[in-house]
Amino acid sequence: MPRNLALIDCNNFYASCERVFNPALEGKPLVVLSNNDGCVVARSQEVKDLGVKMGVPWFQIEHLAKRHGIVAFSSNYALYADMSNRVMAILATFSTSQEVYSIDECFLDLAGFERRGFTRYGQEMRSAIKRWVGLPVCVGIAPTKTLAKLVNHVAKKRPQFEGVCNYNEFSAGEIDALMGELPVGEVWGVGSRYAVRLQQMGILTVRDLRQAQPKAMRQQFSVVMERTVSELNGESCLDLEEMASAKKQIMSSRSFGRPVYALDELAESVASYMSRAAEKLRRQHSLAGAVQVYIRTNPFKEREPQYSQGMILPLPDPTDDSRQLVSAAITVLRRLYKPGFAYAKTGVMLTEIIAANQRTPTLFDDVAGMARNKNLMLAVDSINQAYGRGTIRLAAEGLNQPWKMRAGRRSPAFTTCLSDVVVAHAI
Amino acid sequence: MVPLPGVPLLATPVPAGFPSPADDHAEERIDLNEHLIAHKEATFFVRVAGESMVRFGIHHGDLLVVDRAIDAVDRSVVIAVVDGDFTVKQLCRIPEGVLLRSGSATHSDIFVGEEQTLSVWGVVRWSIHQVWSCPETLR
């Protein structure tokens, strides 16, 4: 039986989030910049229309920005994550099976909702998201994930679909014509690298790829490409991955706002990232059995001396206590550090993660002490939750954090910090 | 078996004695989130700046619970977008269009004609007012 899958994708997600809380920006060109305000990572439609490409360095378009009044924001991940959670929770009510594929898109299995008419159902999703959280989305509906991705793209690019494109409503001839117009690079899983190779083989459009021999594609590329061809022909090979399982690794890393030379400052950054990772660890009720730290210089500055090194330290007893984890991380950092380099980035990773209730108690457990530590961490987390991240932190994280990433254009944490909520005028 | 001094044999405390007679009647404690928030994905908090809504019990510094999932009807108190700014007003339907009413004699109403588009951002469900007010918590 053919399946009916929907792929729902938010339009210009980061840029749209900024607009919800800043309605004066409606209709104005707007970009969101990457870490350290380096590159453009999200563009409003007006900016796309100006020809600004994804990933261009901000300084390259600053003149254009001045001329056209482009407004730039630093990435506000606290806001985007909360808005994403809201979108996903709303969409979950439209199906019994959901795969959250990325921060701004998810797949739904529409089995059981046939009677409502899929196109209309897609429109209901769109208006619910627009209304409840103010974000525009597009919906693609098709028998396979690859096709749902493809028709979602069509829904986005072609206004006549009003945001919902349903593969099942096309005739065979219409599908053929449509796919003949789309370049092969638009297919999910065909990266720009594969696209070049496919073009050399004379496979230029989606239609060409759909008509390729699956077995031959497997030989020349991989089983993934074979599946892609089958999926383009309406044969579902990829299932929804409903995860939500606890993460097996937790990472936290950032680039510095400027080069860092001193061990003290590196230690502050490692302590700060580790505290963040420990917080995530506690939120999923897990313990970590090992701590990994890495440091590196800036590989793009080819003329400067380069150094990049990482190391794992197993812990004597799995823990979620920030103080123990930070102290382990700093021990590792001291082993890794070599003076004389201009460091650009440090990162930490928690591994060998187990559920907190799976820890084997030992004979020498200090039960009362463990309960005290647990309550302390609980108190730290709830204070930071209520008053903003980093309100209470370990002294090892430093006070001024001069190495910190630049995010001078960040909007307030409108939905996650009470002192940052939007203000309505009563005047 | 002789326990080592200072090392407990059991890691979890064992309840002893007579069970509480109230245990069987225990209920969940009142949770204001449940009471104040009907649609949690569509609910946002908004801070009030200004005194134009005092007649509706909405004061400067109050925290509004705003629900985007419900319809604004005649006489709803809403967060409206006027000239790109958030404004809190009462929405009143009149024959000529919509009137955004203030709740204070010293503040004027805003008329929105039929040809203009009115953007309602959300409907105000609750206003949380701190009675023992300490000025530095107000914005």
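Residues numbered from 1 in each chain as written. Chains lettered and ligands numbered in written order. Predicted model: local features only at pLDDT ≥ 70, side-chain atom pairs only at ≥ 80, totals over all residues. Heavy atoms only, no water.

### Comments concerning the side chain of Ser-269 of chain A
And then number 1: Considering the arrangement of structural elements, one finds Ser-269 of chain A in helix 12 (residues 263–283).
And then number 2: Excluding residues within four positions of it along the chain, Ser-269 of chain A makes contact with Phe-256, Thr-346 and Trp-403 of chain A. (Helix = DSSP H or I, 4+ residues; strand = E, 2+ residues; numbered from the N terminus. Contact = heavy atoms within 4.5 Å.)

### Notes on the packing of aromatic side chains
And then number 1: In total, this model carries 23 aromatic pairs over all chains according to the counting rule given.
And then number 2: Ring plane angle 15 degrees and centroid distance 5.1 Å describe the contact between Phe-113 of chain A and Tyr-121 of chain A, whose orientation is recorded as stacked.
And then number 3: For Phe-113 of chain A, a relative accessible area of 19% translates into the label buried.
And then number 4: Residue Tyr-121 of chain A is classed as buried on the basis of its relative accessible area, which comes to 2%.
And then number 5: Among the aromatic residues, ring-to-ring pairing joins Phe-21 and Phe-414 of chain A together with Phe-44, Phe-86 and Trp-121 of chain B into one connected group.
And then number 6: A cation sits over an aromatic face here: Lys-145 of chain A above Phe-107 of chain A, 4.9 Å from the ring centre. (Phe/Tyr/Trp six-rings, centres within 6.5 Å; stacked < 30°, edge-to-face > 60°. Buried < 20%, exposed > 50% of the residue type's maximum accessible area, 1.4 Å probe, protein only. Lys NZ or Arg CZ within 6 Å of the ring centre and 35° of its normal.)

### A closer look at the packing of helix 6 (residues 145–157) of chain A against helix 11 (residues 223–232) of chain A
All names here are of chain A.
And then number 1: As a packed pair, helix 6 and helix 11 sit with axes 7 Å apart at the nearest point and diverge in direction by 70 degrees. The angle between helix 6 and helix 11 falls in the class roughly perpendicular. Where helix 6 crosses over helix 11, the handedness of that crossing is right-handed. In this structure, helix 6 uses Lys-145, Thr-146, Leu-147 and Leu-150 to contact helix 11, whose residues at the interface are Thr-228, Glu-231 and Leu-232.
And then number 2: A class-by-class count of the residues in the contact of helix 6 with helix 11 yields three nonpolar, two polar and two charged. (Axes fitted to C-alpha atoms, helices over the stretch in contact; angles between N-to-C directions. Parallel < 35°, antiparallel > 145°, perpendicular 65-115°, else oblique. Left-handed = near helix turned anticlockwise from the far one by under 90°. Nonpolar A, V, L, I, M, F, W, Y, C, P; charged D, E, K, R; others polar.)

### Brief notes about the pairing of strand 4 (residues 85–94) of chain B
All names here are of chain B.
And then number 1: Along strand 4, seven of the ten residues are buried, which leaves the element largely enclosed by surrounding structure.
And then number 2: Two strands pair when backbone bridges link them, and strand 3 (residues 77–82) and strand 4 are joined in this way by six bridges, in the antiparallel orientation. Within strand 4, the residue paired with Ala-80 across the bridge is Thr-87.
And then number 3: Sheet topology note: the strand 4/strand 5 (residues 97–101) ladder contains five bridges and is antiparallel. (Pairing = 2+ DSSP bridges.)

### Remarks on the interface of chain A and chain B
And then number 1: Between chain A and chain B, the residue contacts involve 26 residues of the former and 35 residues of the latter.
And then number 2: Note on chain A versus chain B: buried area summed over both sides is about 2700 Å², and carbon and sulfur give 61% of it.
And then number 3: When the buried area of chain A at its contact with chain B is split by residue, Arg-131, Trp-132 and Ala-426 of chain A rank highest and sum to 24% of it.
And then number 4: Our enumeration of links across chain A and chain B arrives at one salt bridge.
And then number 5: Looking at the side of chain A that touches chain B, the elements that each hand over two or more residues are helix 4 (77–92), helix 5 (118–133) and strand 13 (422–425) of chain A.
And then number 6: Grouping the amino acids of the side of chain A that touches chain B by side-chain chemistry returns 18 nonpolar, four polar and four charged.
And then number 7: Two strands pair when backbone bridges link them, and strand 13 of chain A and strand 1 (residues 43–49) of chain B are joined in this way by four bridges, in the parallel orientation. Each bridged residue has a counterpart across the sheet, and for Ala-424 of chain A the counterpart in strand 1 of chain B is Val-48 of chain B. (Buried area = accessible area lost by both parts, 1.4 Å probe. Salt bridge = Lys/Arg side-chain N within 4 Å of Asp/Glu carboxyl O.)

### A few points about the nonpolar core
And then number 1: With 55 residues, the main nonpolar core has Met-83 of chain A together with Ile-79, Val-88 and Trp-121 of chain B as its most contacted residues.
And then number 2: With seven residues, the top contributor of residues to this core is helix 4 of chain A.
And then number 3: Setting aside chain neighbours within four positions, we find Val-88 of chain B in contact with Ala-424, His-425 and Ala-426 of chain A together with Met-53, Ile-58, Leu-64, Val-77, Val-78, Ile-79 and Val-124 of chain B. (Core = buried A, V, L, I, M, F, W, Y, C linked by side-chain atoms within 4.5 Å.)

### Side note on the confidence of the model for chain B
All names here are of chain B.
And then number 1: Averaged over chain B, the pLDDT score is 85; the fraction of residues at 70 or greater is 83%.
And then number 2: Ranking the elements of chain B by mean pLDDT puts strand 6 (residues 110–113) last, at 86, and strand 2 (residues 63–67) first, at 98.
And then number 3: Two numbers describe this predicted complex: its pTM, 0.78, and its ipTM, 0.80. (pLDDT = per-residue confidence, 0-100.)

### Observations regarding helix 13 (residues 322–336) of chain A
All names here are of chain A.
And then number 1: With 15 residues, helix 13 extends 21 Å from end C-alpha to end C-alpha; this agrees with the ideal 21 Å at 1.5 Å per step.
And then number 2: Among the residues of helix 13, Ser-322, Leu-325, Val-326, Ala-328, Ala-329, Ile-330, Val-332, Leu-333 and Leu-336 are the ones counted as buried.
And then number 3: On its buried side, helix 13 packs onto helix 12, strand 10 (286–297), strand 11 (308–319), strand 12 (343–355) and helix 14 (367–387). (Expected span 1.5 Å × (residues − 1).)

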